[in-house]
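# Descriptive analysis of the structure
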Amino acid sequence: MRTLDVSLVRARNGVAVVFALNGFAFASWVSRIPESRATLGLSPASLGTLLLALSVGSLVALPTAGGWVHRLGAARVVAAASVVDGVGLAVAGLGAGVLVDPWVTAVGLLLLGYGSGTWDVAMNVEGAEVEERLARTIMPRFHAAFSLGTVAGAAVGAAAAALEVPVAWHLGPAAVLVVAATLPAVRGFLPAGAERAPVEETGRRSAWRAWTEPRTVAIGVMVLAMALTEGVANDWLAVALVDGYDVPAWIGASGFALFVAAMTTGRVAGTVLLDRYGRLPVLWASMAVAGVGVVLVVLGQVPALAAFGIVLWGLGASLGFPVGMSAAADDPAHAAARVSVVSTIGYMAFLAGPPALGFLANEVGVLNALLLVPLLLVPSALAVPSARPERPSAQAPPGQHPTSAG
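In this text, all values refer to a predicted model and were calculated from it rather than measured experimentally.

What counts, and at which threshold
Residues numbered from 1 in each chain as written. Predicted model: local features only at pLDDT ≥ 70, side-chain atom pairs only at ≥ 80, totals over all residues. Heavy atoms only, no water. Helix = DSSP H or I, 4+ residues; strand = E, 2+ residues; numbered from the N terminus. Buried < 20%, exposed > 50% of the residue type's maximum accessible area, 1.4 Å probe, protein only. Contact = heavy atoms within 4.5 Å. Areas by Shrake-Rupley, 256 points an atom, 1.4 Å probe, with all protein chains shown as cover. Lys, Arg positive; Asp, Glu negative; His and termini not counted. Charge placed at Lys NZ, Arg CZ, Asp CG, Glu CD. Salt bridge = Lys/Arg side-chain N within 4 Å of Asp/Glu carboxyl O. Polar contact = N/O pair within 3.5 Å; in protein donor to acceptor, adjacent residues only side chain to side chain. Expected span 1.5 Å × (residues − 1). Phe/Tyr/Trp six-rings, centres within 6.5 Å; stacked < 30°, edge-to-face > 60°. Core = buried A, V, L, I, M, F, W, Y, C linked by side-chain atoms within 4.5 Å. Bend = angle between axes of the 7 residues up to and from the residue. Axes fitted to C-alpha atoms, helices over the stretch in contact; angles between N-to-C directions. Parallel < 35°, antiparallel > 145°, perpendicular 65-115°, else oblique. Left-handed = near helix turned anticlockwise from the far one by under 90°. Nonpolar A, V, L, I, M, F, W, Y, C, P; charged D, E, K, R; others polar. Patch = residues over 30% accessible without salt bridge, like charges linked within 9 Å, V, L, I, M, F, W, Y side chains within 5 Å.

Before going further, it helps to examine the overall build of the protein. A count of helices and strands for the protein gives 16 helices and 0 strands. Oriented by its inertia axes, the alpha-carbon framework of the protein measures out at about 55 × 40 × 40 Å. A total of 406 residues make up the protein; the buried ones form 60% of that total. Contacts in the protein between residues far apart in sequence, at least 24 positions, make up 84% of those at least 6 positions apart. Working note: accessible area of the protein is about 15,100 Å², and carbon and sulfur atoms make up 68% of it. Here the protein contributes 22 positively and 23 negatively charged side chains, and the mean placements of these two sets differ by 9 Å.

Structure follows, in structure tokens:
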């Protein structure tokens, strides 16, 4: 058995930790959306507009995040982004829980989105480099760490809601924890410059050129559909359960926790499926499972059946984003630029999703509005072939990650 370099092990562990902390921060806010909506007195459409601030922050960050990684290294970018993320989380809690001001809440969500979007690109670029050096599929497990973080964040949020802990008193300490834990974790990252060395060797290609590549854009379209599948659950599942099944807020938060637990399971098991069957069959199967899960949640009307649907939804949504990141990073020389482009396109789902679902929910109800997800998954399946591995050196067999050990 090959012995891994100690610095590579530290980098792998550091990446896993920052993925988990990113998920914890995000889920901490999501788990308190039902209470925040009630406190601020928002309709579904107004809530969708408020959530738009989070998406706008992310989209502002994503196009430039790859450039920051090249200039400063992933460790510094993640550290700085975690501070912005933490400040945004605390301000959102202050706006929703103390000042009861949707504008202050929106500013907090804007900062949270900007920090999260920058952090997202940087940690995915670092994760892709670690995956390349390990020579095996590991990116889904980094995203499983993100999901574990969301499980923890959702569980803490559900407990806080059940105990009637004020939103600000929950999100403020969560923000401090996220920043305090991220700063030491990034010290294990690969040396600054590791992510940009291949680019320097090939002549510093402009990040904007990646937007002209059909394969990169098509991967982005596929990721957009899967991001919407995941993002709708993040923003609306707890609210849909509260409204559609007439359950208390803590059960809505628990439903979200079940969803992210299923996503975690899918991402841990997904590496085996990807290495055995390849990207394309797994992605198509994932879309089908997610679609069936959403339909069961909406039409099941029996709590047990809805819970089963949530599990299927989480399993189906688990692999689209990480596989998209791996596909974008197949060529290490252009990984940062392509990951930035794919992330930007994917995050457009978070930009369009909240208001679209909110306005649709005003007409048909939040629960029924969830059916938008399976309707959009059908045409997006046509973009899946773009994720077929790109092999610069043509060593990997068809259907397999170019750096997979098989």
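So, next bit.
The next thing to look at is the pattern of salt bridges. A full pass over the atoms with the stated rule returns 7 salt bridges. The residue Arg338 makes a salt bridge to Glu213 at a minimum N-O spacing of 2.8 Å. Highlighted residues: Arg338 in helix 14 (residues 335–364) and Glu213 in the loop between helix 8 (197–202) and helix 9 (214–245), separated in sequence by 125 residues. On the basis of relative accessibility, which here comes to 13%, the residue Glu213 falls in the buried class. What you see here is one network of salt bridges that share partners, running through Arg215, Arg279 and Asp330.

Along the chain, the position of Ser380 falls in helix 16 (residues 372–380). At a separation of 2.9 Å, a polar atom in the side chain of Ser380 contacts the main-chain carbonyl oxygen of Leu377. Among residues more than four places away in sequence, those in contact with Ser380 are Ala225 and Met287.

Here we come to helix 12 (residues 303–317). For the α-helix, the turn length of 3.6 residues means that residues three or four positions removed from each other point alike. Between its first and last C-alpha, helix 12 extends 21 Å over 15 residues, near the 21 Å set by a 1.5 Å rise per residue. Among the residues of helix 12, Ala306, Gly309, Ile310, Leu312, Trp313, Gly314, Gly316 and Ala317 are the ones counted as buried.

This paragraph deals with unusual backbone geometry. One non-glycine residue with positive phi stands out, namely Glu164, at about 60 degrees. Residue placement: Glu164 occurs in the loop between helix 6 (139–162) and helix 7 (167–185). Within the chain, Gln301 stands out as a residue other than glycine whose phi angle is a positive 65 degrees. With respect to the helices and strands, the residue Gln301 is situated in the loop between helix 11 (279–299) and helix 12. Taking the relative accessible area as the measure of exposure, Gln301 reaches 48% and is therefore partly exposed.

One pass over the full model with this rule turns up 2 aromatic pairs. Aromatic side chains Phe19 and Phe142 sit 5.8 Å apart centroid to centroid with 20 degrees between the ring planes, which places their arrangement in the stacked category. One end of the pair, Phe19, is in helix 1 (residues 6–30); the other, Phe142, is in helix 6, with 123 residues separating them in the sequence. The same class applies to Phe19 and to Phe142, which are both buried.

We now examine the nonpolar core. As a rule of thumb, nonpolar side chains are buried together in soluble globular proteins. One finds Trp29, Met222, Phe259, Trp313 and Leu370 to be the most contacted residues of the largest nonpolar core, which totals 116 residues. A total of 15 residues in this core trace back to one element, the largest contributor, which is helix 9. The residues contacting Leu370, other than those within four sequence positions of it, are Val232, Trp236, Ala240, Val294, Val297, Val298, Trp313 and Leu357.

Once that is clear, we can look at helix 10 (residues 249–277). Relative to the 42 Å expected for 29 residues at 1.5 Å per residue, helix 10 spans 40 Å between its end C-alpha atoms, a close match to the ideal helical length. Of all bends in helix 10, the biggest is about 40 degrees, found at Gly270. Immediately beyond the C-terminal end of helix 10, within one or two residues, lies Gly278, with a positive phi of roughly 90 degrees.

Contact pair helix 3 (residues 44–72) / helix 9: the axes reach a minimum separation of 12 Å and the direction vectors enclose 155 degrees. If you check the angle between helix 3 and helix 9, you find them roughly antiparallel. Here helix 3 and helix 9 pass one another in a crossing that is right-handed. Contact with helix 3, carried on its side by Pro44, Leu47, Gly48 and Leu51, involves Asp235, Trp236 and Val239 of helix 9 and no other residues of that element. Looking at the contact of helix 3 with helix 9, its residues break down into 5 nonpolar, 1 polar and 1 charged.

On to a nonpolar patch on the surface, then. On the surface, Val56, Val60, Trp68, Leu72, Leu110 and Tyr114 cluster together into a nonpolar patch covering about 480 Å² of accessible area. Sorting the residues of the nonpolar patch by element identifies helix 3 and helix 5 (102–134) as the ones contributing at least two each. In terms of residue count, helix 3 provides more of the nonpolar patch than any other element does, 4 residues in total.

As for its placement among the helices and strands, Ser326 is situated in helix 13 (residues 320–328). The exposure class assigned to Ser326 is buried, which follows from its relative accessible area of 5%. Taking the C-alpha atoms as reference points, Ser326 and Arg276, separated by 50 residues in sequence, lie 16 Å from one another.

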